[in-house]
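Geometric and topological summary
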Amino acid sequence: MTTFAELGLAEPLLFALEAEGYATPTPIQTQAIPQLLAGHDVLGIAQTGTGKTAAFALPILHRLTLEKRRAAPGTVRALILVPTRELAVQVADGFGTYGRNIRYRRAMVFGGVGQGPQVRAMAGGLDVLVATPGRLIDLLDQGHIRLDQVTTLVLDEADRMLDMGFIPAVRKIASKLPVGRQTLLFSATMPKPIADLASFLLRDPVRVEVTPVASTVDRIDQKVMFVTRENKRNLLLDVLQGNSVNRAIVFTRTKHGANRVAEQLAKSGVTADAIHGNKSQNARQRALEDFRSGKVRALVATDIAARGIDVDGVTHVVNFELPVEPESYVHRIGRTARAGAEGIALSFCDAEEVAYLRQIEKTIRQAVPVEHDHAWHAEPIARLATAAARPGGPVPRPPVRGQQKPRPPQGAKPQGGHGAKPHGAAPGAKPHGAKAHARGR
Ligand code: AMP
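Quick look at the structure, then. (Residues numbered from 1 in each chain as written. Predicted model: local features only at pLDDT ≥ 70, side-chain atom pairs only at ≥ 80, totals over all residues. Heavy atoms only, no water.)

Check the secondary structure of the protein and you find 18 helices and 13 strands. When each of the 441 residues of the protein is scored for burial, the buried share is 54%. Of all intrachain contacts in the protein linking residues separated by at least 6 positions in sequence, the fraction that spans at least 24 positions is 78%. Carbon and sulfur atoms make up 53% of the accessible area of the protein, which amounts to about 18800 Å² in all. (Helix = DSSP H or I, 4+ residues; strand = E, 2+ residues; numbered from the N terminus. Buried < 20%, exposed > 50% of the residue type's maximum accessible area, 1.4 Å probe, protein only. Contact = heavy atoms within 4.5 Å. Areas by Shrake-Rupley, 256 points an atom, 1.4 Å probe, with all protein chains shown as cover.)

Here is the structure:
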């Protein structure tokens, strides 16, 4: 097995990694770091949780240890473009952690906050700048920073940049960089516009690819819990009051729902906070910090707000509501089981969400095992799901999006856990049934 020292990293970095408790490099680190140290461009297919931040931060910091020269005023040496401010904070934190034994200047630039402190930070020159594209373009247009000294450009989570409409901004920024730079592009998926962007930005890149979605999913102990809509909050309380829950992220579909769930939990004595797009940057950072420090045990989040939440030691992800997009399920549950750890993902499914569950199972090519041993198990919904999973079975219709009408009760009373039947594997699923049976049924 390769060690960080064998990858050729400088001593101050090795000490920092040791202090952080990283014993061995992850696969993306083993593959990418030597290529980056040798000066190659790299196209990395990797999602969060694989250790990709260290894979690009360590070689950049390594170079800083070799070159005594620091950035000239108003210029930048390494530029990292990220889609969201949460990811910016996370990446900058990574640089802080790994570069703790090195003297260099770094800063973050993102929208939604005053630009004064960002402008002041840039004036002195930056060795590392982590930026979202929109605000960076504003600052470039105002002449606060020059990019003609950039030696390394990193594009992190390029597919998210695409989702958020940032590709033209990225191209504009890239046009202001020297051609002789080193470029790295990381993306969990490689849709055509990202492949095109990569061939525009990268020169003869080395391609490194790790952990396809399925293998992350495989490490997570997934369960679906059938429950009526009105009993979900009772079930959530039961789950969170259990001893095994150390840190939990609870997902809702709406911001309003996130607030409501967080309030209900707090009232019932479970420390909780909500994180979503209507909250100020400061409130979000505070919530994250409290979650990280353990002051708050449950963080209730929407999908957008959860992008880039990177907290180690999340023992449980609870889907209070199933996501409409099956891919979001994979992103959500990936918040646990980070960096090789194991995690538990519980999905609450009411009658109207059975259709979403079916879509998710098709996407992950597995049947999610049923946990029926809980006080709020709704057998009629379990039967509906079993019928829906049968080839040629009835196709449950997903609710109309945004529909807020109160729904009729779905016919389940609290009861002891017995009698739920497995609802069968998804058509086209891998022969996964044995594992599923061994676990929850
Ligand atoms: P990332 O994919 O960059 O979001 O990293 C996922 C998580 O893995 C982060 O919380 C890192 O602290 C952690 N991590 C990164 N590299 C290693 C490593 N070699 N050993 C243990 N943990 C790591």
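The rest of the description comes next.
Our focus in this paragraph is the site of the ligand. The immediate surroundings of the ligand are formed by 16 residues, with Tyr22, Gly49, Gly51, Thr53 and Asp312 found nearest. For the ligand, an oxygen atom lies 2.5 Å from a polar atom in the side chain of Tyr22. Its free accessible area being 500 Å², the ligand has 89% of it covered by the protein chains. Mapped onto the domain boundaries, the shell around the ligand takes at least three residues apiece from domain 1 (5-209) and domain 2 (220-389). (Near = heavy atom within 4 Å. Polar contact = N/O pair within 3.5 Å; in protein donor to acceptor, adjacent residues only side chain to side chain. Domains from an automatic or database assignment.)

Moving on, we come to the sheet that holds strand β4 (residues 126-131). In spatial order, the strands read β3-β4-β2-β5-β6-β1-β7; together these seven strands make up an open sheet with parallel pairing. Of all strands in the sheet, those with a lone pairing partner are β3 (106-109) and β7 (206-209), marking the two edges. Across this sheet, the average inter-strand angle for adjacent strands is 15°, counted without regard to direction. Where strand β5 (residues 152-155) lies against strand β6 (residues 182-187), four bridges are found, and the strand directions are parallel. (Pairing = 2+ DSSP bridges. Axes fitted to C-alpha atoms, helices over the stretch in contact; angles between N-to-C directions.)

Let us now look at helix α16 (residues 354-364). Among the 11 residues in α16, eight count as buried, and that is most of the element. Listed in full, the buried residues belonging to α16 are Val354, Ala355, Tyr356, Leu357, Arg358, Ile360, Glu361 and Ile364. With its phi angle positive at about 55°, Arg365 sits one or two positions after the end of α16.

Phe56, Leu58, Ile80, Phe95 and Val128 are the most contacted members of the largest nonpolar core, which has 39 residues in total. Those elements that provide at least two residues to this core are α1 (11-20), α2 (27-37), α3 (52-66), β2 (76-81), α4 (85-98), β4 and β6. Among the elements that line this core, the one with the most residues is α3, at eight residues. Sequence-distant contacts of Phe56, defined by excluding residues within four places in its chain, comprise Leu36, Ile80, Val91, Phe95, Val154, Asp156, Leu184 and Phe186. By size, the runner-up hydrophobic cluster in this structure holds 35 residues, among which are Met122, Leu153, Leu155 and Ala169. (Core = buried A, V, L, I, M, F, W, Y, C linked by side-chain atoms within 4.5 Å.)

The next thing to look at is the sheet that holds strand β11 (residues 298-301). Reading across from one edge, β8-β13-β12-β9-β11-β10 is the order of the six strands in this open sheet, with parallel pairing throughout. Bordering the open sheet on either side are β8 (220-226) and β10 (272-275), each of which pairs with just one other strand. Neighbour-to-neighbour, the strand axes of this sheet turn through a mean angle of 20°, independent of strand direction. As defined by bridge partners, strand β9 (residues 248-251) adjoins strand β12 (residues 316-319) across four bridges and the pair is classed as parallel. Along β12, the bridge assignment pairs Val250 with Val318. This element, helix α11 (residues 232-240), spans β8, β9, β11, β12 and β13 (343-349) of the sheet and lies at about 165° to β13.

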